[in-house]
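Results of the structural survey
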Amino acid sequence: MTTTESQTPEPTRDEYDREDKSSLITAEQRRELEEIRDRVRAEFLFSKEKRPKSYGQGVHHVALICRDVRTTTEWYQNVAGFPVTVLFENRDLAGSTHFFFDVGNGNHLAFFDLPGVDPGPYQEVLGGLHHLCLSVSEEHWHEIKGRLDERGIEYMLESGTSIYTFDPDGARIEFIHDPLGRMYGHDTM
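Let me sum up the structure you'll find in this document. Worth saying up front: this structure is predicted, and the values here are computed from it rather than measured.

**Digging into the pattern of salt bridges**
By the definition in use, this model includes 11 salt bridges. With a closest N to O distance of 3.0 Å, E28 and R31 form a salt bridge. Of this pair, E28 and R31 are both found in helix 1 (residues 27–44), three residues apart, which corresponds to roughly one turn of the helix. Accessibility expressed as a relative area gives 47% for R31, which makes it partly exposed. One salt bridge in this structure joins E34 and R41, with 3.4 Å as the shortest N-O distance. When salt bridges that share partners are traced, they join E34, R37, D38 and R41 into one network.

**A closer look at the pairing of strand 8 (residues 172–176)**
Taking burial as the measure, the five residues of strand 8 include four buried ones, the bulk of the element. Sheet analysis places strand 5 (residues 132–135) next to strand 8, joined by four bridges and oriented parallel. Residue pairing across strands places S135 opposite I176, the latter belonging to strand 8. In the sheet, strand 7 (residues 162–166) pairs with strand 8 via five bridges, with the strands oriented antiparallel. Of the residues in strand 8, the one forming a bridge with F166 is R172. Counting the residues that bridge the hairpin from strand 7 to strand 8 gives five residues, and of these G170 lies at a positive phi of roughly 95°.

**Topic: the sheet that holds strand 3 (residues 97–102)**
Sheet strands pair by backbone hydrogen bonding; their relative direction is either parallel or antiparallel. If you trace the four strands from one edge of the open sheet to the other, you get 1-4-3-2, paired in mixed fashion. Whereas interior strands pair on both sides, the edge strands pair on one side only; in this sheet they are strand 1 (61–66) and strand 2 (84–89). Within this sheet the neighbouring strands show an average axis-to-axis angle of 20°, counted without direction. Note: strand 2 against strand 3, five bridges, orientation antiparallel. For V84, the partnering residue across the bridge sits in strand 3 and is F101. Relative to strand 3, helix 2 (residues 69–79) is tilted by about 5°, and along the sheet it contacts strand 1, strand 2, strand 3 and strand 4 (108–113).

Thresholds, definitions, all that
- Each chain carries its own residue numbering, running from 1 in the direction its sequence is written.
- The predicted nature of this model means local features are confined to residues of pLDDT at least 70 and side-chain atom pairs, given and counted, to a pLDDT of 80 or more, with totals for whole chains, interfaces and linings taken over all residues.
- Values reported for side chains reflect all heavy atoms of the structure, with hydrogen atoms and water molecules removed beforehand.
- By definition, a salt bridge exists where a carboxyl oxygen of Asp or Glu is found within 4 Å of a side-chain nitrogen of Lys or Arg.
- Runs of E in the DSSP output that reach at least two residues are strands. Runs of H or I that reach at least four are helices, and both are numbered from the N terminus.
- For the exposure calls, accessible area comes from a 1.4 Å probe over protein chains only, and a residue counts as buried if that area is under 20% of its type's maximum, exposed if over 50%, partly exposed in between.
- Strands are labelled as partners when DSSP assigns at least two bridges between them.
- Axis definition: a line fitted to C-alpha atoms, over the contacting stretch in the case of helices. Angles run 0 to 180 degrees between N-to-C directions.
- Between two residues, a contact is recorded if the distance between any of their heavy atoms is within 4.5 Å.

Set out below in structure tokens:
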């Protein structure tokens, strides 16, 4: 007995919803994803008054991998404007440097170099970094934009408050001048 497998044809280009956002999914898939978001909101999102208290005290540090300590230090201190605060040998790998930048409010951005290890080029993977959004004042935002322009570093402006660019190792970095707890007119706290 022969069976034929029923295959759903791939959507045509016209079936994709391109009304207000670039999309790789159909309008029906988009509606299904909105229904999932609605269920997650109903189950987990509480008003500020009813929200459980966070156990967190803030971000101690976010650690990224870099190829070159000097290049990374120069970029984050002289382009981004975040002073390096400490450099020491990584406890897990001989010769590796672990170093930190002050990104404000007691938070740090940290890096490791990994001598003898080839981490390969930056890529998005599940559980990996999509982008790191760093809050700066509007004045500093304009200064960063000026330094990117001076150095010919490519970037994209978004919504009048965000600069998206890449660090020397290809990590996506966003500089945003919305105040902490706000993003594009939405409260995030």
